[in-house]
Amino acid sequence: MRCLAWALAVAAAAGSAVAASPPVVCNVVDYGALGDAKTYDTDAFVKAIKACEGRGTVLVPPSPYQPSPKAYLLTPINVTSNTHLHIMEGATIIASTNFSLWPVVAPLPSYEWELRYHGFISGWGVENVTIDGKGVIDGQGAPWWEARHELNGEHLVRPRLIEPLYCNNFTI
């Protein structure tokens, strides 16, 4: 109920008309995210994104973990079309620094010779995606910049924090 009230308040503040059927709001905590900065919350985020696919907002609230708020630890995720990822003020998403959990993907067209790691938050051929809010997306870049990654003797390019490829109306 608290999420529905939040969604209605956001719609009203934006000056948009509220439809007869309220938008779907999928709070990642309701899908099992712990936010303790130790447990991977990727599955909970993926479930929330799938549940909201094309219908609403994936809500990332401040971590409920006590004694103090922590962060949601994730491996790379993909967003889907017609999805709004809202990271609330006080919420933090952090990228895993376990390199073995990052898929290696084909080179970008402009870098044909280098394999690369999958982007942290990616969208491939999606449309009508918004990522917003006053929260933090922390890619934990230092380990990526310090390490030289190779696979079978080939250099791997570090991942991008947010990587929309071949998308329409992708707003950050």
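Residues numbered from 1 in each chain as written. Predicted model: local features only at pLDDT ≥ 70, side-chain atom pairs only at ≥ 80, totals over all residues. Heavy atoms only, no water.

Novice: Tell me about the environment of Glu89, residues and numbers included.
Specialist: Topologically, Glu89 is positioned in the loop between strand S5 (83-87) and strand S6 (92-95). You can call Glu89 exposed: its relative accessible area is 60%. For the pair Glu89 and Pro61, spaced 28 residues apart in sequence, the C-alpha to C-alpha distance is 7.6 Å. In contact with Glu89, other than residues within four places in its own chain, are Pro62, Lys134 and Gly135. (Helix = DSSP H or I, 4+ residues; strand = E, 2+ residues; numbered from the N terminus. Buried < 20%, exposed > 50% of the residue type's maximum accessible area, 1.4 Å probe, protein only. Contact = heavy atoms within 4.5 Å.)

Novice: Explain the sheet that holds strand S9 (residues 121-124) to me, using residue names and the numbers behind them.
Specialist: With respect to topology, three strands assemble into an open sheet ordered S4-S9-S14, the strand pairing being parallel. Looking along the sheet, the strands with just one partner apiece sit at the ends: strand S4 (77-78) and strand S14 (162-165). Both S4 and S9 contribute to a ladder of two bridges, which runs parallel. Looking across to S9, one finds that Asn78 is bridged to Ser122. (Pairing = 2+ DSSP bridges.)

Novice: Got a sec to walk through helix H2 (residues 42-52)? Specific residues and values, please.
Specialist: Here H2 has its buried residues at Thr42, Ala44, Phe45, Ala48, Ile49 and Cys52. Buried residues in H2, looked at end-on, bunch into an arc of 165°, giving them a common side. Residues of H2 that are exposed and point more than 90 degrees away from the buried face comprise Asp43, Lys47 and Lys50. Taken together, the buried residues of H2 touch strand S1 (24-27), strand S2 (56-60), strand S3 (72-74), S4, S5 and S6. Just beyond H2, the residue with positive phi is Gly54, at close to 75°. (Arc of directions from axis to C-beta.)

Novice: Tell me what's going on with the packing of aromatic side chains, and back it up with residues and numbers.
Specialist: Across all of its chains, the model carries six aromatic pairs by this definition. Ring geometry for Phe45 and Tyr72: centres 5.6 Å apart, planes at 65°, overall edge-to-face. Of the two residues, Phe45 sits in helix H2 while Tyr72 sits in strand S3, which places them 27 residues apart along the sequence. Neither residue differs from the other here; Phe45 and Tyr72 are each classed as buried. Aromatic pair Tyr117 and Trp144: ring centres 5.0 Å apart, planes at 70°, arrangement edge-to-face. (Phe/Tyr/Trp six-rings, centres within 6.5 Å; stacked < 30°, edge-to-face > 60°.)

All we've got here are geometric facts, nothing functional implied.
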